[in-house]
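Overview (structure and organization)
This is what each chain is made of:
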Amino acid sequence: MPELPEVETVRRGLTPAMEGAVISRAQVNRPDLRWPFPERMADRLTGAKVLQLRRRSKYILADLSTEETLLIHLGMSGRMLVSGDPLGQFVHDHPAAEKHDHVVFDMENGARVTFNDPRRFGAMDLLDTSTAEQHPLLVQIGPEPLGNLFTESHLVERLKPRNTAIKSALLDQKIVAGLGNIYVCEALFRAGIHPGRRTRNIAAARIATLVPIIREVLRDAIEAGGSSLKDFRQADGELGYFQHSFDVYGREGEPCRSADCDATIQRVVQSGRSSFYCPSCQR
DNA sequence: GTTTAAACCTGGAGGC
DNA sequence: TGCCTCCAGGTTTAAA
């Protein structure tokens, strides 16, 4: 489920429990998620101190005192929940273990971090911190949409030569990192661009408008704590609220929210994914 | 090289 | 209640 705003929300939720804390016990309940876990993962994590929790695209990166970095991806249905009492302010018990609790970290500060992922599209790996950015999963990823390298000229240069639907192009993580089905639909609506429009047929100036719009959509969503559809929870188990702000995603047949527009939101399938759009506002 | 479709896996929703 | 089908926030891999 999680796109960049949800992953960032999880990272922020995990930070008080994990950053600066030592993993006193790592419990690994199955041999793999999407791929096999790295060898001796539990042993390599036990006793390690988490120096820093970072995010790159939809990956959470935990730099450890062992000079290794734990890479975490939530896939479609992954959650990370913090229980226990990391700050010593409250007393509450850990919840009972649930089905699909695949990895559990007990921190020395009393917090417990549980990775639960029914569909198992998630992943974990351990990399050398010094070369973490060169990991095959990370090396090809495009610029962070909230960072300085995501510029109008970058987006125009990467989209203009291609002959693919703008919707599919924006989902390509090599062009820009972190976008997924929801926020691409929402950004295209705000930009007034039809999701099926071929990138080479869009004027450069219109492509350029997507840069501030993508930033705005993502910032709004992070501000709201992400979007909770089927699976997403923040690290403290709370729901995100951005789904209440969707203009098009999941609103097939409902009225367009633009002023002076009486069209209804449509759904089409593009390369196997649903796209939602307003046929009147998006051209 | 580019673009599209299938695959991975489970669970929830809706129809009958 | 039970069975069936469809759908889902991601990403890789193979095929066209």
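Residues numbered from 1 in each chain as written. Chains lettered and ligands numbered in written order. Predicted model: local features only at pLDDT ≥ 70, side-chain atom pairs only at ≥ 80, totals over all residues.

**A short note on the pairing of strand β6 (residues 101–107)**
Inclusion rule: The exposure label follows from counting other C-beta atoms within 10 Å of a residue's C-beta, where the C-beta atoms are placed from the backbone and the thresholds are 20 or more for buried and 12 or fewer for exposed, leaving partly exposed in between. Helix and strand labels come from DSSP, where a helix needs a run of H or I of at least four residues and a strand needs a run of E of at least two; each type is numbered from the N terminus. Whether two strands pair comes down to DSSP finding at least two bridges between them.
Most of β6 sits out of view: five of its seven residues are buried. Where strand β1 (residues 23–28) and β6 come together, five bridges link them in antiparallel fashion. Considered in β6, the bridge of Ala26 is made with Phe105. Two strands pair when backbone bridges link them, and β6 and strand β7 (residues 111–116) are joined in this way by five bridges, in the antiparallel orientation. Looking at β7, one finds that Val103 is bridged to Phe115. The hairpin formed by β6 and β7 contains three residues between the paired strands, and Gly110 there has a positive phi angle of roughly 100°.

**A look at the sheet that holds strand β8 (residues 123–128)**
Note on sheets: strands pair through backbone hydrogen bonds, and any given pair is parallel or antiparallel. Put simply, the test is: Axes here mean lines fitted to C-alpha atoms, for a helix over just the part in contact, with angles spanning 0 to 180 degrees between N-to-C directions. C-beta atoms are placed from the backbone for every residue, and two residues are taken to be in contact when these atoms lie within 7 Å.
Taken together, the four strands give an open sheet; going across it, the order is β2-β3-β4-β8, and neighbouring strands pair in antiparallel fashion. Because the sheet does not close on itself, it has two edges, and the strands there are β2 (50–56) and β8. Neighbour-to-neighbour, the strand axes of the sheet open up by a mean angle of 20°, direction not taken into account. As judged from the six bridges shared by strand β4 (residues 68–73) and β8, these two strands associate in the antiparallel manner. Paired with Leu70 across the two strands is Leu126, which belongs to β8. Most of the contacts of helix α1 (residues 4–18) go to β2, to which it runs at about 175°, and overall it touches β2 and β3 (59–64).

Spatial relationships are all this shows, so hold off on functional conclusions.
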